[in-house]
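The primary structure of each chain is shown beneath.
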Amino acid sequence: MGNSLKAIVAFVPSTKCQKYLLEDLEEMPVDKTVDLSGRQMRRLPVHICSFRELVKLYLSDNNLNHLPSELEQLQNLQILALDFNNFKALPLVVCTLKQLCILYLGNNKLCSLPLELRLLQNLKTLWIESNCLQNLPEVVCELSLLKTLHAGSNSLRTLPPQLQCLQELRTIWLSGNLLSEFPPVLLDMPFLEVIDVDRNSIRFFPSLAHLPGLKLVIYDHNPCRNAPKVAKGVRRVGRWSEETPEPRKRSGAVIEITLDEKPLLPPAAKTEAE
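Residues numbered from 1 in each chain as written. Predicted model: local features only at pLDDT ≥ 70, side-chain atom pairs only at ≥ 80, totals over all residues. Heavy atoms only, no water.

A. Expanded view of the overall build of the protein. Across its full length, the protein holds two helices and 10 strands. In sequence order, the protein lays out its α and β elements as α-α-β-β-β-β-β-β-β-β-β-β. Nonlocal contacts in the protein, meaning residues at least 24 apart in sequence, comprise 27% of its contacts between residues at least 6 apart. Accessible surface computed for the protein: about 13,300 Å², of which carbon and sulfur atoms make up 52%. (Helix = DSSP H or I, 4+ residues; strand = E, 2+ residues; numbered from the N terminus. Contact = heavy atoms within 4.5 Å. Areas by Shrake-Rupley, 256 points an atom, 1.4 Å probe, with all protein chains shown as cover.)

Here it is in structure tokens:
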């Protein structure tokens, strides 16, 4: 079905039209995965919520701004993709899905996250990039098993000190924010492996040599006058990253990030490790 036809049918709320968008998805697939990405949907058909053994639900790239309360029935759900939609607030029913391990919320219109998010204590990967966040919601700091946080392309200026409570956190992506200094809290997180602060406004980098777990730091496209010092074997991506000692001139070349070093693509591309 062409996208233009889908867009027209999506305006019609009748059950018949909605089933047309779903292409007669009447039974749960054997692999316990439903992918409804790019269907121009404005509402999630309630009968999907009857697939109680469902493990993965992809709703990326639609026109959703709310979810039915019946979604709570999907208590086996581990992956939920809501990115590229029109959510201005995270539906509270999402916070009832306590088996969730991966939650994609990128490219919406979120300005905050509800306190109820703390109920998702199995969450290991959270994507909140490309939203309207001016502060990292402190409730994120209560997700004790979180390993990967994608918070790029927001309007973050600082990070809360409570972030250091996330002792399982290994990767943090903060590219494209409004950071004017390297977040001090990251200096107290020795377990971090990847730090991405590309495309911010950081003018000076403190030493990161004391972080024993660090493997990669991306700091390109900042107006900095120095490269962060790192321990032996740590990869740096940015100006002067290959020079030792630090250069006296500011004419260092910019090193491009290769494809495999960029943050993983959204779930529509199915590249996130599951």
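B. Molecular detail of the pattern of salt bridges. Applying the stated criterion across every chain yields a total of three salt bridges. Ionic pairing is found between Glu193 and Lys215, a salt bridge with its closest N-O pair at 3.9 Å. Here Glu193, found in the loop between strand S7 (171-173) and strand S8 (194-196), pairs with Lys215, found in the loop between S8 and strand S9 (216-218); they are 22 residues apart in sequence, far enough to count as distant. Ionic pairing is found between Asp198 and Arg199, a salt bridge with its closest N-O pair at 3.5 Å. (Salt bridge = Lys/Arg side-chain N within 4 Å of Asp/Glu carboxyl O.)

C. Examining unusual backbone geometry more closely. A positive phi angle, near 60°, is found at Asp61, a position not held by glycine. Phi at Asn107 is positive, roughly 55°, even though this residue is not glycine. Structurally, the position occupied by Asn107 is in the loop between strand S4 (102-104) and strand S5 (125-127).

D. Up close: the environment of Ile172. In this structure, Ile172 sits in strand S7. Residue class for Ile172 comes out buried when judged on its relative accessible area of 0%. Sequence separation between Ile172 and Leu186 is 14 residues; the distance between their C-alpha atoms is 9.5 Å. Other than its neighbours up to four places away in sequence, Ile172 contacts Leu149, Leu159, Leu163, Leu186, Leu192, Val194, Ile195 and Asp196. (Buried < 20%, exposed > 50% of the residue type's maximum accessible area, 1.4 Å probe, protein only.)

E. Fine view of the packing of aromatic side chains. Scanning all chains against the criterion turns up three aromatic pairs. With a centroid separation of 5.4 Å and 45° between ring planes, the pair formed by Tyr104 and Trp127 is classed as tilted. On the criterion of sequence distance, the pair formed by Tyr104 in strand S4 and Trp127 in strand S5 is long-range, its members being 23 residues apart. Take Tyr104 and Trp127: they sit in the same class, and that class is buried. An aromatic cluster of three or more residues is present, and its members are Phe182, Phe205 and Tyr219. (Phe/Tyr/Trp six-rings, centres within 6.5 Å; stacked < 30°, edge-to-face > 60°.)

F. Structural detail: the confidence of the model for the protein. Mean pLDDT over the protein stands at 86; residues scoring 70 or higher make up 79%. Contacts from residues 7-11, a stretch scored under 50 in pLDDT, to residues over four places away or in other chains number 10 contacts. Confidence drops under pLDDT 50 across residues 244-274; counting only partners more than four residues distant or on other chains, this segment forms 66 contacts. (pLDDT = per-residue confidence, 0-100.)

G. Inspection of the sheet that holds S4 at higher detail. Pairing within the open sheet is parallel, and its 10 strands lie in the order S1-S2-S3-S4-S5-S6-S7-S8-S9-S10. The open sheet has two edge strands, strand S1 (33-35) and strand S10 (235-237), and neither has a second partner. For this sheet, the mean angle separating the axes of adjacent strands, direction not counted, is 5°. Sheet topology note: the S8/S9 ladder contains three bridges and is parallel. Counted as the bridge partner of Asp196 is Ile218 from S9. (Pairing = 2+ DSSP bridges. Axes fitted to C-alpha atoms, helices over the stretch in contact; angles between N-to-C directions.)

H. Inspection of the environment of Glu70 at higher detail. Looking at the element boundaries, Glu70 is found in the loop between strand S2 (56-58) and strand S3 (79-81). As a C-alpha pair, Glu70 and Ile48 span 22 residues in sequence and 9.1 Å in three-dimensional space. Excluding anything up to four places from it in sequence, Glu70 contacts Val46 and Cys49.

I. Examining the side chain of Asn177 more closely. Within the element layout of this structure, Asn177 appears in the loop between S7 and S8. Only 3.2 Å separates the side chain of Asn177 from the backbone nitrogen of Asn154, close enough to count as a polar contact. Excluding its chain neighbours within four sequence positions, the residues that come into contact with Asn177 are Ala151, Gly152, Ser153, Asn154, Ser155, Leu156, Arg199 and Asn200. (Polar contact = N/O pair within 3.5 Å; in protein donor to acceptor, adjacent residues only side chain to side chain.)

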